[in-house]
Protein chains: 2
Amino acid sequence: MSNSIKLAILGLGTVGTGVINLINDNLDELKRRSGRDIIITEVGTRRQRDDIDATIIQNSDLMATAASDNVDIVIEVIGGTTLAKDVIMHAIKHGKHVVTANKALLAEHGNEIFAFAEAHNVHVAYEAAVAGGIPIIKVMREALAANKIDWLAGIINGTGNFIMTEMRDKGRPFADVLSEAQELGYAEADPTFDVEGIDAAHKLALLASIAFGIPLQFDKVYCEGITGITLQDVDYAEELGYRIKHLGFAVRRDGQGNADAAGIELRVHPTLIPQEALLANVNGVKNAVLVNSHPLGQTLYCGDGAGAGATASAVMADVMDLVRVLGSKDRDDQHNTGHHVPHLAFIPEQLSDTPILRAEQMTTGYYLRVHAYDSPGVLADITRILSDAGINIDAILQKPAHKVGQVPVIILTLPVVESQMNLAIEKIEKLDTITDKVVRIRLDELA
Amino acid sequence: MSNSIKLAILGLGTVGTGVINLINDNLDELKRRSGRDIIITEVGTRRQRDDIDATIIQNSDLMATAASDNVDIVIEVIGGTTLAKDVIMHAIKHGKHVVTANKALLAEHGNEIFAFAEAHNVHVAYEAAVAGGIPIIKVMREALAANKIDWLAGIINGTGNFIMTEMRDKGRPFADVLSEAQELGYAEADPTFDVEGIDAAHKLALLASIAFGIPLQFDKVYCEGITGITLQDVDYAEELGYRIKHLGFAVRRDGQGNADAAGIELRVHPTLIPQEALLANVNGVKNAVLVNSHPLGQTLYCGDGAGAGATASAVMADVMDLVRVLGSKDRDDQHNTGHHVPHLAFIPEQLSDTPILRAEQMTTGYYLRVHAYDSPGVLADITRILSDAGINIDAILQKPAHKVGQVPVIILTLPVVESQMNLAIEKIEKLDTITDKVVRIRLDELA
């Protein structure tokens, strides 16, 4: 038994059950790789389950399991930010390493949790918290450790990507696809977290911290959902060679000589990206993260962002890493976090206070849909306003009128600071010939 | 100085210079992440260079540098399998950790080198040896450590992928594109290693070992190059919804009840894959590896497979991992390999002797191009031969005659054991109506 690693699983929902199944299925492989027996000694569950191996203690007192002497590593898969936080802090206090899939908890309380773990010489691992089974945390913290990361763009919410994919492929409107996603179990009964981008913002906050070495700042993520995307815009985008995806972006801006413009953009929003980009071809519930770093250049990581198997894979990858920390036979102490990657990739005292830019300071290209009466000079008026604001037009598409006398004009712009675009749109909307609010969607060439 | 990590670089070609540039460019970032100064103390180079920082010792005696007291980690980027092997073994004997990008050396002598390193309690890291900057070694050894890997398929030679991409996109014949690749510096003056698939086979041998926990067996990789691929076949494939890529496959077969058919397929060959697969859309010199594992499912990793920046990124990721091994302040000994991932992902005594299947035992789908006189009954003859051999046809395309009286018939088959296909093709070629050798290219749905 001294050679075995003892796990506790707190929460026996989809993911907890997935972890148990994984260990049962791959027991030999785990031992061949680690040289150790990896066993679940205890599960924390409110409801006694009779489909669990009898050798595993089932404990309805989750705090007791988190602190049990019979446990080396605590796996938290309860979800939520209240009880989950309590059990994690309790486990840390009792010297347990923790593995969690809880993006909301870490995005909102990660700074406190990681500091507490560092003070107690244990590690909180969280590969499963971002992009499910895609090992993006390991990749960014370790594989890209010698790179300076310039930006990343990710499809990090499977439900949102499923909806955008169905809208495009089958010409189905948003509400229709959302209902199906709920029936399929992709979207929660309350889909707000998915379709308003909050779930993606949680994950983006984590990715940005490990990309740039900044504290977690979920509250500063600019967040726009997909509820306003229409089939009309999906089609216009395709016609112009683009595809609309719901993306999270973390971008480092040097301000190009203007110190006030230097900082980090954290934003989640629908985005037109070139059709031929691999990211544009990541469909259905798949997730993908594109990272641009120096000197490596662009790398892409793609796979299942949710589901029992994918999440269990990430949880257990963290366990296998911790097994090595716990496992060295020649160690006197159990913890030895000096060997471990820092929680936020950079050593805590080296986290930087680089400012997070406000929405008005962010720079992106734009897709504009402008509805105007078909009167002579309207296009001239619009393009002059854009030109006066220093906004460069990349493409224009003027479609035939679909209501009598009204034509949508589609304009793609080169990157521009949002405050400039706000002013220009304000002026365009004041034109007598304009019949509706201007629709705007951000655009990124991913270059 | 006691807090600094001292590197030696052996070889100052493209990659060695790339490593120096990376360290100069990202010095702050490396320190912010590792908490240590990472410095190059010595370079091993035959020719004295005057563009190297004066604080770095330049030593033309590479063996001396490999054993220098002034060095913690030796980076071998000489290439080749003779001197490179000598300096690596020498470094290991002197207790140095080694980082190498040398796929040929490891594929051919890795079993010996890794055993020697284990005996000397040091680690030989080799992320840069496969797929350049894509962290596929780390992903497979660590991120997928809880998975059972079923198969992988990779574009692991950038030159080959560049050639296949140009042939398809621009309709240029093989020889023409190869010349350009040589001018651009993608392909060597002697392109054999790239276009005959030997370079890909080296990488595949490494990937297969860490996927399945088997010793390196480069000599058993079935290897087919791209020199025989014609524009005609590229076009037919596209017409049928497929794209031809040069891929390396490592596949675990359970034999489906037949013990003789159980084993591992290691093969490199042109392959038709579905156009809509992400892998089919990885173009130019990019590399990508698709891994199918349980319970995670399919994940894809894509990026630059070669070049100074990408390779230096991978080399330095290995260094950053070793820094953690070397770095823990509370360690008494320097090495502590117990904390490190096993060289071939599985602990050495757990490597398995699963047999590698011979070519005739391998199972794939096929694209067949058959040229026949346009006489009645020829299609019936061909399909009967296939049917008698138990080969299922998935699609047929009969094109109009391009020479008088002769029509190419294109047939796509479901997966079949190669020995069966050999027999069928032999029979087809004996038909009086058949005018040429049957052209065959393997096909995989990547499902």
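Treat the numbers as computed from the prediction; the structure is a model and nothing was measured. (Residues numbered from 1 in each chain as written. Chains lettered and ligands numbered in written order. Predicted model: local features only at pLDDT ≥ 70, side-chain atom pairs only at ≥ 80, totals over all residues.)

Describing the overall build of chain A
Then, number 1: A tally of regular secondary structure across chain A gives 14 helices and 16 strands.
Then, number 2: Taking 22 Å as the expected radius of gyration for a compact globule of 447 residues, we find that chain A reaches 24 Å, a close match to that expectation.
Then, number 3: Across its three principal axes, chain A shows a C-alpha extent of roughly 85 × 50 × 35 Å.
Then, number 4: With 447 residues in all, chain A has 53% of them scored as buried.
Then, number 5: Pairs at least 24 apart in sequence give 74% of the contacts found in chain A among residues at least 6 apart. (Helix = DSSP H or I, 4+ residues; strand = E, 2+ residues; numbered from the N terminus. Rg over C-alpha atoms; globule rule 2.2 N^0.38 Å. Buried ≥ 20, exposed ≤ 12 C-beta atoms within 10 Å, placed from the backbone. Contact = placed C-beta atoms within 7 Å.)

Side note on the sheet that holds strand β2 (residues 37-44) of chain A
Residues and elements named next belong to chain A.
Then, number 1: Taken together, the 6 strands give an open sheet; going across it, the order is β3-β2-β1-β4-β5-β6, and neighbouring strands pair in parallel fashion. The sheet is open, and its two edges are formed by β3 (57-59) and β6 (124-125), each paired on a single side.
Then, number 2: Across 4 bridges, the pairing between strand β4 (residues 73-76) and strand β5 (residues 97-100) is parallel. Across the sheet, residue Ile75 finds its bridge partner in β5, namely Val99. (Pairing = 2+ DSSP bridges.)

What about the domain arrangement of chain A?
All names here are of chain A.
Then, number 1: One can read the domain layout of chain A as domain 1 (4-135 + 308-350), domain 2 (136-304) and domain 3 (363-443).
Then, number 2: Each of domain 2 and domain 3 has a C-alpha centre, and the two are 25 Å apart.
Then, number 3: Counting only elements with at least two residues in the side of domain 2 that touches domain 3, the list comes to α11 (231-239), β9 (242-253) and β10 (263-274).
Then, number 4: Of the residues that constitute the side of domain 2 that touches domain 3, the class distribution is 7 nonpolar, 2 polar and 3 charged. (Domains from an automatic or database assignment. Nonpolar A, V, L, I, M, F, W, Y, C, P; charged D, E, K, R; others polar.)

Things to note about the relation of the copies chain B and chain A
Then, number 1: Taken as rigid bodies, chain B and chain A are interconverted by a rotation of 180° and an axial shift of 0.0 Å, the fit giving an RMSD of 0.0 Å. Expressed as an axis order, the relation between the two copies is that of a two-fold axis. If distances are taken from each C-alpha of chain B to the rotation axis, the shortest is found for Tyr301 of chain B, at 2.4 Å. (Least-squares fit on C-alpha atoms with pLDDT ≥ 70 in both.)

Considering the interface of chain B and chain A
Then, number 1: Listed per partner, the contact involves 54 residues of chain B and 54 residues of chain A.
Then, number 2: When contributions to the side of chain B that touches chain A are tallied by element, the ones reaching two or more residues are α1 (14-25), α2 (27-34), α6 (136-143), β12 (297-304) and α12 (308-327) of chain B.
Then, number 3: A per-element tally of the side of chain B that touches chain A places α12 of chain B first, with 11 residues.
Then, number 4: Classifying every residue of the side of chain B that touches chain A by side-chain character gives 23 nonpolar, 19 polar and 12 charged.
Then, number 5: Pairing geometry for strand β12 (residues 297-304) of chain A and β12 of chain B, over 3 bridges, is antiparallel. Residue Leu300 of chain A lies in a different strand from β12 of chain B, and its bridge partner there is Cys302 of chain B.

Topic: unusual backbone geometry
The phi angle of most residues is negative, glycine excepted, and most peptide bonds adopt the trans form.
Then, number 1: In this model, His294 of chain A is joined to Pro295 of chain A through a cis peptide bond whose omega is 10°.
Then, number 2: The topology assignment puts Pro295 of chain A in the loop between β11 (286-294) and β12.
Then, number 3: Of note in the backbone geometry, Ala345 of chain A takes a positive phi value of approximately 75° without being a glycine.
Then, number 4: The residue Ala345 of chain A is located in the loop between α12 (308-327) and β13 (363-373) in this model.
Then, number 5: For Ala345 of chain A, a count of 22 C-beta atoms within 10 Å translates into the label buried.
Then, number 6: Its identity is not glycine, yet Gln256 of chain B carries a phi of approximately 45°, on the positive side.
Then, number 7: Tracing the backbone shows Gln256 of chain B in the loop between β9 (242-253) and β10 (263-274).
Then, number 8: What makes Gln256 of chain B exposed here is the crowd of 8 C-beta atoms within 10 Å.

Re the sheet that holds strand β3 (residues 57-59) of chain B
All names here are of chain B.
Then, number 1: Read across the sheet, 6 strands follow the order β3-β2-β1-β4-β5-β6 without closing on themselves; strand pairing throughout is parallel. The strands lining the two open edges of the sheet, one partner per strand, are β3 and β6 (124-125).
Then, number 2: For strand β1 (residues 4-10) and strand β2 (residues 37-44), the ladder comprises 7 bridges, and the chain directions are parallel. Paired with Lys6 across the bridge in β2 is Ile39.

What about helix α11 (residues 231-239) of chain B?
Residues and elements named next belong to chain B.
Then, number 1: Residues of α11 that are buried include every one of Asp233, Val234, Tyr236 and Ala237, and no others. Taken down its axis, α11 places every buried residue within 165° of arc, on the same side.
Then, number 2: Phi turns positive one or two residues past the end of α11, at Gly241, with a value near 90°. (Arc of directions from axis to C-beta.)

Some remarks on helix α10 (residues 198-212) of chain B
Then, number 1: When the terminal C-alpha atoms of α10 of chain B are compared, their 21 Å separation across 15 residues agrees well with the 21 Å that a helix rising 1.5 Å per residue should span.
Then, number 2: Extensive coverage of α10 of chain B is indicated by the burial of 14 of its 15 residues. (Expected span 1.5 Å × (residues − 1).)

Regarding the environment of Asn283 of chain A
Then, number 1: When you line up the elements, Asn283 of chain A lands in the loop between β10 and β11.
Then, number 2: With 125 residues separating them in the primary sequence, Asn283 of chain A and Gly158 of chain A have C-alpha atoms 9.1 Å apart.

Section: the confidence of the model for chain A
Then, number 1: In this model, chain A carries an average pLDDT of 93, and 96% of its residues clear a pLDDT of 70 or more.
Then, number 2: This complex was scored by the predictor with a pTM of 0.96 and an ipTM of 0.95. (pLDDT = per-residue confidence, 0-100.)

As for the packing of helix α6 (residues 136-143) of chain A against helix α10 (residues 198-212) of chain A
Residues and elements named next belong to chain A.
Then, number 1: Orientation of α6 relative to α10, taken along the N-to-C sense of each, is 15°, at an axis distance of 9 Å. By the angle between their directions, the pair α6 and α10 is classed as roughly parallel. In this structure, α6 meets α10 at a crossing whose hand is left-handed. Along the contact surface, α6 presents Ile136, Ile137, Met140 and Arg141, while α10 presents Leu207, Ile210 and Ala211. (Axes fitted to C-alpha atoms, helices over the stretch in contact; angles between N-to-C directions. Parallel < 35°, antiparallel > 145°, perpendicular 65-115°, else oblique. Left-handed = near helix turned anticlockwise from the far one by under 90°.)

Regarding the pairing of strand β7 (residues 148-155) of chain A
All names here are of chain A.
Then, number 1: Counting buried positions along β7 yields 6 of 8 residues, so the element is predominantly enclosed.
Then, number 2: Sheet topology note: the β7/β11 ladder contains 7 bridges and is antiparallel. If you follow Ile155 over to β11, its bridge partner there is Ala288.
Then, number 3: One ladder, built from 4 bridges, connects β7 with β9; its direction is antiparallel.

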